[in-house]
Amino acid sequence: MARKRVAVLISGRGSNMVALIEAAKDASFPAEIARVVSNDPSAQGLERAAAANIPTAAVDHRAFGKDREAFERALQSELEAHGTEFICLAGFMRLLTPWFVTQWKERLINIHPALLPELRGLHTHARALAEGRQWHGATVHFVVPEMDAGPVIRQARVPVLPGDTEQTLAARVLEVEHRIYPEALRLVAEGRVQVVGDACLVDGKPVETFS
Ligand code: GRF
């Protein structure tokens, strides 16, 4: 079966992008990272993608001022021009409008550093610590118009340990992010994920979640 063409959208360092690129180096992986696109031309991840011989592009949101849809139309042209079938958001820091999200229904995936539906939004590690949580983690999900919502494809948890700082906890979560994002993309690209209502079935079974 032909490998699915995936675009990874980034805004920063791109460590999840690298994890996806590494996984896709295996010829048996069902997706190829065909392109990396950043809304920030200075994103460190663009250099890392180029070093891995992945074509890159920058669509600078600042060129469009407050016109979010104009930015997204430019992004859409970029994605369409290269035959994109799936999009992975990997630290992409722009909110996407319902217009964009609807066009990519069940083909647009995000990773969030928390056990959704808990701790949506920013600063999840600091909030997990402040709330005295025992468990924290990461979630890969399909994107829907509501932020940090959408059917969960894969989730993994890590313990919060005594003495943890935001940095140590973030590092522990990042390790599982780098594992579950390629796993989730594999499942989606192999057509093993079915969305039923607001949840996913994988191979016909409910996804294991920890929230
Ligand atoms: C990750 O923690 C991801 O879960 C969140 O943004 C961060 C991106 O890190 N959405 P990186 O750019 O992949 O290193």
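Scroll up to find the structure.
Treat the numbers as computed from the prediction; the structure is a model and nothing was measured.

## Quick notes on the pattern of salt bridges
Here is step 1: Summed over the entire model, instances satisfying the criterion amount to 14 salt bridges.
Here is step 2: Here E78 and R35 are joined by a salt bridge, their closest N and O atoms 2.4 Å apart. Of this pair, E78 sits in helix α3 (residues 68-81) while R35 is found in strand β2 (residues 31-38), placing the two residues 43 residues apart along the sequence.
Here is step 3: Taking relative accessible area as the criterion, R35 reaches 14% and is therefore assigned buried.
Here is step 4: Of the charged contacts, one joins D203 and R192 as a salt bridge, the two residues approaching to 2.8 Å between their closest N and O atoms. Taken together, the positions of D203 in the loop between β9 (199-202) and β10 (205-206) and R192 in the loop between α6 (166-189) and β8 (193-196) put the pair eleven residues apart, joining distant regions of the chain.
Here is step 5: For R192, a relative accessible area of 32% puts it in the partly exposed group.
Here is step 6: Here the salt bridges do not stand alone but share partners, grouping R186, E190, R192 and D203 into one network.

## Some remarks on the sheet that holds strand β6 (residues 135-142)
Here is step 1: Strand order in this open sheet of seven strands is β3-β2-β1-β4-β5-β6-β7, and the pairing throughout is mixed. Of all the strands in the sheet, the pair left with one neighbour each is β3 (56-58) and β7 (152-159). Across the sheet, the axes of successive neighbouring strands diverge by a mean angle of 20°, strand direction being ignored.
Here is step 2: Contacts from helix α1 (residues 15-24) reach β1 (4-10), β2, β4 (86-89) and β5 (108-112) within the one sheet, and its direction differs from that of β2 by about 155°.
Here is step 3: On top of the sheet, α6 reaches β1, β2, β4, β5, β6 and β7; it is set at about 155° to β7, its chief contact.

What counts, and where the lines are drawn
Residues numbered from 1 in each chain as written. Predicted model: local features only at pLDDT ≥ 70, side-chain atom pairs only at ≥ 80, totals over all residues. Heavy atoms only, no water. Salt bridge = Lys/Arg side-chain N within 4 Å of Asp/Glu carboxyl O. Helix = DSSP H or I, 4+ residues; strand = E, 2+ residues; numbered from the N terminus. Buried < 20%, exposed > 50% of the residue type's maximum accessible area, 1.4 Å probe, protein only. Pairing = 2+ DSSP bridges. Axes fitted to C-alpha atoms, helices over the stretch in contact; angles between N-to-C directions. Contact = heavy atoms within 4.5 Å.

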